[in-house]
Number of protein chains: 2
Amino acid sequence: MAKGKSGRGGARKAAPALRELLRVPGDDRVDLTAYDPAGTPGGPADKASGVAATAALGERLAGLQERLWAAGSAGDRRRILLVLQGMDTSGKGGTVKHVIGQLNPSGCRIKAFKAPTPQELNHPFLWRVVKALPEPGEIGIFDRSQYEDVLAARVRELVPRAQLNRRYGQINRFERTLADDGVTVVKCFLHISYAQQRRRLLERLDNPDKHWKFSPGDIEDRALWPAYQEAYEIALERCSTDAAPWFVVPADRKWYRDWAVSTLLLEHLEALDPRYPEARFDVAECRRRLLAGD
Amino acid sequence: MAKGKSGRGGARKAAPALRELLRVPGDDRVDLTAYDPAGTPGGPADKASGVAATAALGERLAGLQERLWAAGSAGDRRRILLVLQGMDTSGKGGTVKHVIGQLNPSGCRIKAFKAPTPQELNHPFLWRVVKALPEPGEIGIFDRSQYEDVLAARVRELVPRAQLNRRYGQINRFERTLADDGVTVVKCFLHISYAQQRRRLLERLDNPDKHWKFSPGDIEDRALWPAYQEAYEIALERCSTDAAPWFVVPADRKWYRDWAVSTLLLEHLEALDPRYPEARFDVAECRRRLLAGD
């Protein structure tokens, strides 16, 4: 994080890292009504400065991404997996466009999970997830994820309750394995309000160029809002682990959402501190040979 | 293409489309020495205006990409496949970063082909290519492609000559099938000079942050330059078809390369003219229901 200029008469207290501010404490009961979807914790003062800050973060992210990629080319197995979850219109796609869109697309592996196909349903629920994981040096992005199997699956009662309840532990063990293998998992719940969702759905209806994003089922799903909030609370509560914590990102303000996800990515990349690998060849000798050729 | 303001005394002659200018005529003998790698055919006057033009093209590309994606979500099977080929340092990766980096990453499917794995070698050469194809609505990008199997394979004599010679027809039939299925294939040969490659390799050696991009094998490969140029000439000659023509993009100037690939993509997307799909639901009724809910 950038340091503020130190005031006269003593050092300024450093701002806490955003990942501390937004992190869901593990095992505690989660009450989503206690999180303000329109809040801007730790963020810039207003939209204009937020947009500018996100653009500046994009440059730093792209620089670190190249280092991560370079390190991966030399055997460093570390990588990032950004998991985006949230209700319809919460901005999962917008985050990919505005945050991930600032990175080099070569190093990004993006997977949008839809309702499982018949083939996917014939496999354990993590099967399709494993296939979409980022490779060393990459930044993976999940637009929806394994959590749909404890969210939609819970709300719509797609599997027996006992099977559903086993999945939280299965997800935790899976994510622990990822962490052990060098995958930094960054799970963001994009938290919007019921009223904000209505505004965004109306915007889609009012713009013919956005009709394709709308389905009448989106309205029916609003009746399930309380059940989904509860399913999210349970998932955040049971699956915010040290290996893979959850972050609640207030998402009613798109500029804050983009700034916050960018900042979370940056903090995790800075903690990894990837380095350009050193040459494993004789640089001077190669230089001489190149210049000797015509 | 943007039209220049018409001068006094009559209409300006429209500039020819870049895809006409750069296209390799099918079946004619190709002589790469007749193409100037430092040329800027049809392009902006200088680097500054080239960079500005590419940024402006990026916005138009992103708009068309969204339409293509939206149409794909409603059953339109059309998509783009951009194939990038060229010698080491010709800028395949740079093109992805600077041209594709201006698009929404959600709608891009990027595949960088390396030397085939043992598993890939156990399959027909097009096997791994088919698996990496873009889905409807997407823009696929191949950094290297099926053409390695008639380029590296020819120069390094990786397969018997008879088998190699069959591959040109196999590629043409494959690409014909893609075109029939709604895939617009845009094949760009990024054409650099032998001297320019040396400059770029030296740049990599002179910057420790770029050593990871360098391998001493890159120098040994320079001895194969004439053989590779010949292999490219044969591939361009035999595989520039109506279904999937080749374009020779002069690539000694990075700004021209980015502008030209952006322009080729734009011309092909404009020809597709993708449209936002119309609503298949009652917009007014949905609006009423949304407003009726609390």
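Residues numbered from 1 in each chain as written. Chains lettered and ligands numbered in written order. Predicted model: local features only at pLDDT ≥ 70, side-chain atom pairs only at ≥ 80, totals over all residues. Heavy atoms only, no water.

Undergrad: Please clarify how the overall build of chain A should be interpreted in this entry.
TA: A tally of regular secondary structure across chain A gives twelve helices and five strands. Since a compact globule built from 294 residues should have a radius of gyration of about 19 Å, the 21 Å found for chain A is in line with a globular shape. C-alpha atoms of chain A, sized along the principal axes, occupy 75 × 60 × 45 Å. By the burial criterion, 50% of the 294 residues in chain A qualify as buried. The long-range share in chain A, meaning contacts at least 24 apart out of those at least 6 apart in sequence, stands at 82%. Surface exposure of chain A reaches about 13,900 Å², of which carbon and sulfur atoms provide 50%. The centroid of the 46 positive side-chain charges in chain A is displaced by 2 Å from the centroid of its 39 negative side-chain charges. (Helix = DSSP H or I, 4+ residues; strand = E, 2+ residues; numbered from the N terminus. Rg over C-alpha atoms; globule rule 2.2 N^0.38 Å. Buried < 20%, exposed > 50% of the residue type's maximum accessible area, 1.4 Å probe, protein only. Contact = heavy atoms within 4.5 Å. Areas by Shrake-Rupley, 256 points an atom, 1.4 Å probe, with all protein chains shown as cover. Lys, Arg positive; Asp, Glu negative; His and termini not counted. Charge placed at Lys NZ, Arg CZ, Asp CG, Glu CD.)

Undergrad: I'm lost on the relation of the copies chain A and chain B in this one. Help?
TA: Both copies of the chain are related through a single rotation about an axis accompanied by a shift along the same axis. Superposing chain A onto chain B takes a rotation of 180° combined with a translation of 0.0 Å along the rotation axis, leaving an RMSD of 0.0 Å. In the structure described here, the two chain copies are related by an operation that fits a two-fold rotation axis. A share of 100% of the interface residues of chain A reappears at the interface of chain B, consistent with the copies meeting face to face through the same patch. (Least-squares fit on C-alpha atoms with pLDDT ≥ 70 in both.)

Undergrad: Where do I start with the interface of chain A and chain B in this structure?
TA: Between chain A and chain B, the contact holds 38 residues from the first and 38 residues from the second. Between chain A and chain B we count six residue pairs in polar contact (both at pLDDT 80 or more) in total. Among the secondary structure elements, those contributing two or more residues to the side of chain A that touches chain B are helix H2 (47–73), helix H3 (92–98), helix H8 (194–206), helix H9 (217–222) and helix H12 (283–292) of chain A. Of the residues that constitute the side of chain A that touches chain B, the class distribution is 22 nonpolar, six polar and ten charged. (Polar contact = N/O pair within 3.5 Å; in protein donor to acceptor, adjacent residues only side chain to side chain. Nonpolar A, V, L, I, M, F, W, Y, C, P; charged D, E, K, R; others polar.)

Undergrad: How should I be thinking about the confidence of the model for chain A in this particular structure?
TA: A low pLDDT score tells you not to read the predicted coordinates there in detail. Residues and elements named next belong to chain A. Residues with a pLDDT of 70 or more make up 95% of chain A, whose mean pLDDT is 94. Predicted confidence is poor over residues 1–10, with pLDDT under 50, and the contacts of this stretch with residues over four places away or in other chains come to seven contacts. Prediction confidence for the complex, expressed as pTM and ipTM, is 0.94 and 0.93 respectively. (pLDDT = per-residue confidence, 0-100.)

Undergrad: Would you take a moment to explain the pattern of salt bridges for this structure?
TA: Close approach of charged atoms allows side chains of opposite charge to pair. Under the criterion given, the structure shown has 43 salt bridges over all chains. Close ionic contact of Arg60(A) with Glu270(A) constitutes a salt bridge, the shortest N to O distance being 2.9 Å. Of the two residues, Arg60(A) sits in helix H2 while Glu270(A) sits in helix H11 (residues 254–272), which places them 210 residues apart along the sequence. Judged by its relative accessible area of 33%, Glu270(A) falls in the partly exposed class. Between Asp180(B) and Arg176(B) there is a salt bridge; the shortest N-O distance is 2.9 Å. Residue Asp180(B) and its partner Arg176(B) are both found in helix H7 (residues 161–180); the two are separated by four residues, about one turn of the helix. For Asp180(B), a relative accessible area of 57% translates into the label exposed. Sharing partners across several salt bridges, the network here consists of Arg29(A), Glu233(A) and Glu237(A). (Salt bridge = Lys/Arg side-chain N within 4 Å of Asp/Glu carboxyl O.)

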